[in-house]
Structures are given as C-alpha cells and as structure tokens.
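# Close look at the chain arrangement
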Amino acid sequence: ARARADSAFWQSAVGRLLCDTPHLVAFQYSDPAFEDVRIVVVPEVVSQRSLRVRPVLDPSATYLVGDRRLAAAEIARDGIAVPVSSWNSGFLTLKKMK
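These numbers come from a predicted model, not from an experiment. Throughout, a residue's number is its position along its own chain's written sequence, starting from 1. Local features in this predicted model are restricted to residues of pLDDT 70 or higher, and side-chain atom pairs are both shown and tallied only at a pLDDT of 80 or more, whereas totals for entire chains, interfaces and linings draw on every residue. Computation of side-chain values covers all heavy atoms of the structure but excludes hydrogens and water.

## Some details on the environment of Arg77
With respect to the helices and strands, the residue Arg77 is situated in helix H2 (residues 72–78). Note on exposure labels: buried denotes an accessible area under 20% of the residue type's maximum, exposed denotes more than 50%, and partly exposed covers the range between, all computed with a 1.4 Å probe on protein chains only. Judged by relative accessible area, which is 55%, Arg77 ranks as exposed. Helix numbering and strand numbering both begin at the N terminus, where a helix is a DSSP run of H or I of at least 4 residues and a strand a DSSP run of E of at least 2.

In structure tokens, the structure reads:
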C-alpha cells in the first residue's frame, strides 16, 4: 500500500530546484496542494551536515516534519535543515496537517 501511494505521488509530483551549488543540489517535490512535500538534497563531496532550504508551501498551513509541527510561515522565515552526508542524498518529508 505504501509503494502504491508513493507511486501515485511521484507520477503527479511537481518539482522545483531550491539550491544549486558546486557541492549540493536541492530539489522540492510536492503535490499541487502542497499537502505532501518532499525535499531531496544530492551532495557531491560535502563537508557540511545539513542544508537549510525554504520550500514553497501553503502559507496558511502547519506541517508535520518528523515529530515536530511547524507553521509554513516559520519555515519560510527560518528555513528548514535537511540532513546530508558524503555518502547519500538528504531527504525530508513535510506533511500538511488537517
């Protein structure tokens, strides 16, 4: 069931480039309503442990990020850190709370 839901998400996801540097590239993928937002950070050779990005979100919404609840306005103001390492891509999921 999870794989089917992920498949449906990826088939209709809208992608945005958030950051493009010589060492890191960050992408945002989301459904059109910004209810399911996923951030992927792809490192080349990285000496930093995270990348702070400001994804496009529903400005009136609150998002669940792991076990934290964050207002979209707070994320827009402060950004959100996506963990990265030299070995794998960073990944973060934000779920719009209803």
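## Some words on the side chain of Ser30
With respect to the secondary-structure elements, Ser30 resides in strand E2 (residues 24–30). For Ser30, a relative accessible area of 0% gives the class buried. Side-chain atoms alone can form a polar contact between residues adjacent in sequence; in general such a contact is a pair of N or O atoms within 3.5 Å, and within protein one must be able to donate a hydrogen while the other accepts it. In terms of polar contacts, Ser30 uses its side chain to reach the side chain of Arg16, at 3.5 Å. Residues contacting Ser30, with those up to four places away along its chain left out, are Phe9, Ser12, Ala13, Val14, Arg16, Asp36 and Val37. The criterion used for residue contact is that any of the two residues' heavy atoms lie within 4.5 Å.

## A look at the packing of aromatic side chains
Here the aromatic set is Phe, Tyr and Trp, taking the six-membered ring for Trp, and pairing holds for ring centres within 6.5 Å; pairs whose planes are under 30 degrees apart are stacked, those over 60 apart are edge-to-face, and all others are tilted. By the definition in use, this model includes 3 aromatic pairs. Seen in terms of ring centroids, Phe9 and Trp10 are 4.9 Å apart; in terms of plane orientation they differ by 80 degrees. Their pairing is edge-to-face. Looking at Phe9, the relative accessible area reads 7%, which means it is buried. Consider the rings of Trp10 and Tyr29, whose centres lie 5.2 Å apart with planes at 70 degrees: the pair is edge-to-face. Here Tyr29 lies in strand E2 and Trp10 lies in helix H1 (residues 2–12), a separation of 19 residues in the sequence. Residue Tyr29 is classed as partly exposed on the basis of its relative accessible area, which comes to 24%. Three or more aromatic residues link up through ring pairs in this structure, and these residues are Phe9, Trp10, Phe27 and Tyr29. If you follow Arg38 out to its NZ or CZ, it ends over the ring of Phe9, 4.0 Å from the centre. Here, a charge over a ring is recorded when the distance from Lys NZ or Arg CZ to the ring centre is within 6 Å and its angle to the ring normal is within 35 degrees.

Such coordinate-based values are descriptive only and should not be taken to indicate function.
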